[in-house]
Amino acid sequence: MNFKRPRGTADILPDDQPYWGKVYDTARKVAHQFGYRRIDTPTFEDTNLFERGVGNETDIVQKEMYSFEDHGGDMITLRPEGTASVCRAYIENGLHNQPQPVRLYYAAAMYRYERPQAGRVRQFHQFGVEAIGDPSPEVDAEVIELGWKYIADLGIKNVTLRINSLGDAEGRADYINDLDKYFLGVVDQLPKVDQDRLKRAPLRVLDSKARETQAIANAAPKSVDYITGEAKEHWEALLVLLDNLKQAYPDFSYTVDHRLVRGLDYYNRTVFEFEPAESGSQGTLIAGGRYDPLMGILGGQETPGIGFAGGLERLILELKKQELPVNSTKGPDVVVVTLGDARAAGAALASGLRATEVSTVLAPKRSMKAQMRYANQQNASNVVILGDREVENGVASVKSLGEGGGQSEVALDAASIAEHVRSNGNQ
Ligand code: HAM
C-alpha cells in the first residue's frame, strides 16, 4: 500500500526549512519590536466558537471547517483561523485584568477545506497579531505598520496595501439596504454566483472575482459614505496617522478601496489587505481589521480589538518568486570518517565532541571515498579521519572542508579536536 499525504497538505523538507526559518524568525523579531507577546491556543476548539465568532453565514463555517464529533460526543473543529481562539483565551484567562491593550501574536497551523491551488491549501500557517482592549485609531495604524514592516523586513517588494472602513453596526444597516437596492437594480447583469451571493451577503458581491460584477461593483454605494459619528472620526484620524507613517517609512503607501470587505463576519470599522501588486485576491499575503463586536458575541465584556494574519505559505511563495536570499542550513562542524576497525573509536569521539558542543555526525560504514562524499553532501565544515593506525598512535587527521582547507594531525581526544576545530574558525 502506498500512503500519500492528504490533499492540500505539504511535507516541509529540510531543504525548504530556511524559508520557514526566515518567515518565523522575522515574525518573532517584528512582533517583539512592537511589544507583542506570544500566545498559543489549542489546535482544536468547540465548533460553536467558530460558528458564532467567524459567523454562520461565512464560507468558512458553511463549507470549509474540519469538524467532527469526538469520542465523548463533543463537536470539535480544527481551527480555521486564530482570532476567535485568541478572544476566547482572552476571556477565559481574564486578560482584561492586565494593562490594556494586550498585544499578542501567534504563528500556527490553520485548517480549511478549500480547493487546493497555488497559495491555497488545506493545512496552512499564519503569523497573526491581535491588539485587544484599545479602541483608538493609533492602534489600527500600529497594526497596519506592523504588517508593513513584516513584509519590508522579509525583503518583499511591490506589495499594495488597501484599506476600507465598514463602519459600525448602526450605519451598516442603511448601507447594506442601499447596496442591496443598487445590486437588485442590475441583478440581470450579475452572474449566477453573485445573484446567489446577493441573497445571502450583499457585501460579498463587492469583492466578487467575476469581471462583469467588478465593473458594476465599482459604481456601487461606498461604505465610507455611510459612516457617521465616532466611526467617521476614527476613520479620518486613521487616514492622517497612515499619512504620517511616511515619515518613518518613505515607501509606505495605501489606497482606499471601497470594494474591500472581508470574508469573516466579526469585522467593523477598519479592514485592510496587503497583496502583491500583480495578483488576484488569491495572493493576499496579510489581511485583517478591527473586530470590536467579537468579544461580546463570544460572551465576554464588550472589548475592542484589531489584528491581522499573514499566510506563511504565500509569503514564502513570494520570497521565492522575488528570489530573495535565505540563510543556507549550516552542516555539522565535524563528520567523523572511520576506516578498518576504528568505527567504535569514531563513535566514541563523536559523542565526546557533541558533549563539548561541537556538532558531529558519524559517517556511514562505507568506503573512504563514499564517506568523504557524504561529509561534503552534509555540508560539513571538517572531517576527522580515523583508521587503525591513528587509533594506535593516538592522533587523528583533521581536514578542513572550508576554503583553502588544510589538513592537520591532532591528538585523538575530544577536547583537543574541539579546540582545533574552534581555533580554525570552522565550527
Ligand atoms: P483571512 O483573510 O481568512 O483572515 O486569512 C488571513 C490570511 O491567511 C490570508 O490573507 C492568507 O494569506 C492566509 N490564508 C487564508 N486561507 C488560506 C489557505 N487556504 N491557504 C493558504 N493561506 C491562507 C483571518 O484568518 C483573520 N483571523 C485575520 C485577522 C486577525 N483579523 C483580525 N485579526
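Here's a quick rundown of the structure. (Residues numbered from 1 in each chain as written. Predicted model: local features only at pLDDT ≥ 70, side-chain atom pairs only at ≥ 80, totals over all residues. Heavy atoms only, no water.)

So, the sheet that holds strand S2 (residues 44–46)
Selection criterion: When DSSP finds at least two bridges between two strands, those strands are taken to pair. Runs of H or I in DSSP of at least four residues are treated as helices and runs of E of at least two as strands, each being numbered from the N terminus. Angular values range over 0 to 180 degrees, each being the angle between N-to-C directions of two axes fitted as lines to C-alpha atoms, with helices fitted over their stretch in contact.
Taking strand neighbours across the sheet as the criterion, the three strands line up as S2-S4-S3 in an open arrangement whose pairing is antiparallel. Looking at which strands have only one partner, the edges of the open sheet turn out to be S2 and strand S3 (66–69). Neighbour-to-neighbour, the strand axes of this sheet turn through a mean angle of 30°, independent of strand direction. Pairing analysis gives three bridges linking S2 to strand S4 (residues 75–78), with the strands arranged antiparallel. The partner of Glu45 across the bridge, within S4, is Thr77.

Some remarks on the side chain of Arg290
This is how it is decided: Polar contacts, as counted here, are pairs of nitrogen or oxygen atoms within 3.5 Å of one another; within protein the pair requires one atom able to donate a hydrogen and one able to accept it, and residues that are adjacent in sequence qualify only if both atoms are side-chain atoms.
Examined against the element boundaries, Arg290 turns out to sit in strand S10 (residues 286–290). Within the local environment of Arg290, its side chain forms a polar contact with the backbone oxygen of Asp134, the two atoms lying 3.2 Å apart. A distance of 2.8 Å separates the side chain of Arg290 from the side chain of Asp292, its partner in a polar contact.

Concerning the sheet that holds strand S7 (residues 159–165)
Ordered in space as S1-S5-S6-S11-S10-S9-S7-S8, the eight strands form an open sheet in which the pairing is mixed. Among the strands making up the open sheet, the edge pair consists of strand S1 (37–38) and strand S8 (255–256). As paired strands, strand S6 (residues 123–132) and strand S11 (residues 305–311) are joined by seven bridges and run antiparallel to one another. The residue of S11 that forms the bridge with Val129 is Phe308.

What about the site of the ligand?
How we decide: Throughout, near means a residue has at least one heavy atom within 4 Å of the molecule or strand. Exposure was quantified through the Shrake-Rupley algorithm and a 1.4 Å probe, taking into account, for residues, occlusion by the shown protein chains and nothing else. Amino acids outside the nonpolar list (Ala, Val, Leu, Ile, Met, Phe, Trp, Tyr, Cys, Pro) and the charged list (Asp, Glu, Lys, Arg) are all regarded as polar, and Gly is one of them.
Of all residues adjacent to the ligand, which total 25 residues, the nearest are Glu81, Glu114, Val121, Arg262 and Tyr267. At 3.5 Å from a nitrogen atom of the ligand is found a main-chain nitrogen or oxygen belonging to Gly307. Taken by itself the ligand offers 660 Å² of open surface, and the protein chains cover 96% of this. Looking at the shell around the ligand, the element that brings in the most residues is S11, giving four residues. Here the residues of the shell around the ligand sort into ten nonpolar, eight polar and seven charged.

Here's the deal with the packing of helix H5 (residues 137–154) against helix H12 (residues 312–321)
Note the threshold: Comment on the angle field: the value is read as roughly parallel under 35 degrees, roughly antiparallel over 145, roughly perpendicular from 65 to 115, and oblique elsewhere. Crossings are assigned a handedness: left-handed for a near helix turned anticlockwise from the far helix by less than a right angle, right-handed for a clockwise turn. Note on contacts: a residue pair qualifies if any of its non-hydrogen atoms lie within 4.5 Å across the two residues.
In the contact formed by H5 and H12, the axes pass within 11 Å of each other and the chain directions differ by 40°. Taken together, the axis directions place H5 and H12 in an arrangement best described as oblique. Two packed elements cross with a definite hand, and for H5 against H12 that hand is right-handed. Here H5 contributes Tyr150, Ile151 and Leu154 to the contact with H12, which in turn contributes Leu312, Leu315 and Leu319. Here the contact of H5 with H12 is built from residues that sort into six nonpolar, no polar and no charged.

Structural notes on the packing of aromatic side chains
As a reminder of what qualifies: For this analysis, a ring pair means two rings from Phe, Tyr or Trp (six-membered ring only for Trp) whose centres lie within 6.5 Å, classed as stacked if their planes differ by under 30 degrees, edge-to-face if by over 60, and tilted for the remaining angles. For every residue, the accessible area (1.4 Å probe, protein chains only) is compared with the maximum for its type, and the residue is labelled buried under 20%, exposed over 50%, or partly exposed between those bounds. Our definition puts a charge over a ring when NZ of Lys or CZ of Arg is within 6 Å of the ring centre and also within 35 degrees of the ring normal.
If you walk through the whole model with that rule in mind, you get 13 aromatic pairs. Note on Trp20 and Tyr24: the rings are 6.0 Å apart at their centroids and 40° apart in plane angle, and the pair reads as tilted. A residue pair is termed a helical-turn pair when its members lie 3 or 4 positions apart in one helix, as Trp20 and Tyr24 do in helix H1 (residues 17–33) at four residues. Take Trp20: its relative accessible area is 7%, and that puts it in the buried class. An angle of 65° between the planes, with centres 5.4 Å apart, marks the rings of Tyr182 and Phe183 as edge-to-face. Given a relative accessible area of 24%, Tyr182 falls into the partly exposed group. The class for Phe183 is buried, based on a relative accessible area of 0%. One aromatic cluster in this structure is built from Trp148, Phe252, Tyr254, Phe272 and Phe274. Positioned above the aromatic ring of Tyr113 is the side chain of Arg122, whose terminal nitrogen or guanidinium carbon lies 3.9 Å from the ring centre.

Overview of H5
Cut-off, in case you're wondering: One less than the number of residues in a helix, times 1.5 Å, gives the span that helix is expected to have.
Over its 18 residues, H5 runs 26 Å from end to end, which matches the ideal 26 Å to within 8%, given 1.5 Å per residue. With respect to burial, H5 is a largely interior element, 15 of its 18 residues being buried.

Considerations on unusual backbone geometry
Cis geometry is adopted by the peptide bond preceding Pro101, which originates at Gln100 and carries an omega value of 0°. Relative to the helices and strands, Pro101 is located in the loop between helix H4 (83–92) and strand S5 (102–111). If you check the backbone angles, Asn158 has positive phi at about 55° while not being a glycine. Checked against the element boundaries, Asn158 lands in the loop between H5 and S7. A positive phi is found at Asn379, a non-glycine position, where the angle reads about 65°. As for its placement among the helices and strands, Asn379 is situated in the loop between helix H14 (368–377) and strand S14 (382–386).

A closer look at the pattern of salt bridges
What counts, and what does not: Whenever a carboxyl oxygen of Asp or Glu lies within 4 Å of a side-chain nitrogen of Lys or Arg, that contact is scored as a salt bridge.
Tallied over the full model, the rule gives 28 salt bridges. Here Arg204 ties to Asp207 by a salt bridge, and the two come within 3.2 Å at their closest N and O atoms. The partner of Asp292 in a salt bridge is Arg290, and the shortest N-O contact between them spans 2.8 Å. You can call Asp292 buried: its relative accessible area is 15%.

Here we look at the nonpolar core
Here is the rule we go by: The definition of a nonpolar core used throughout is a set of buried Ala, Val, Leu, Ile, Met, Phe, Trp, Tyr and Cys residues joined through side-chain atoms within 4.5 Å.
Ranked by size, the top nonpolar core spans 46 residues in total, and within it Phe127 and Tyr150 carry the most contacts. If you list the elements that add at least two residues to this core, you get H1, S6, H5, S7, helix H10 (229–248), strand S9 (268–276), S11 and H12. When residues in this core are grouped by element, the largest group, nine residues, is from H5. Excluding residues that lie within four positions of it along the chain, Tyr150 makes contacts with Val23, Thr26, Ala27, Val30, Phe127, Ile286, Leu312 and Leu315. Core analysis: the next-biggest nonpolar cluster, separate from the first, contains 44 residues, Leu95, Val205, Leu264 and Leu298 among them.

Any functional reading would require information beyond the geometric quantities listed.
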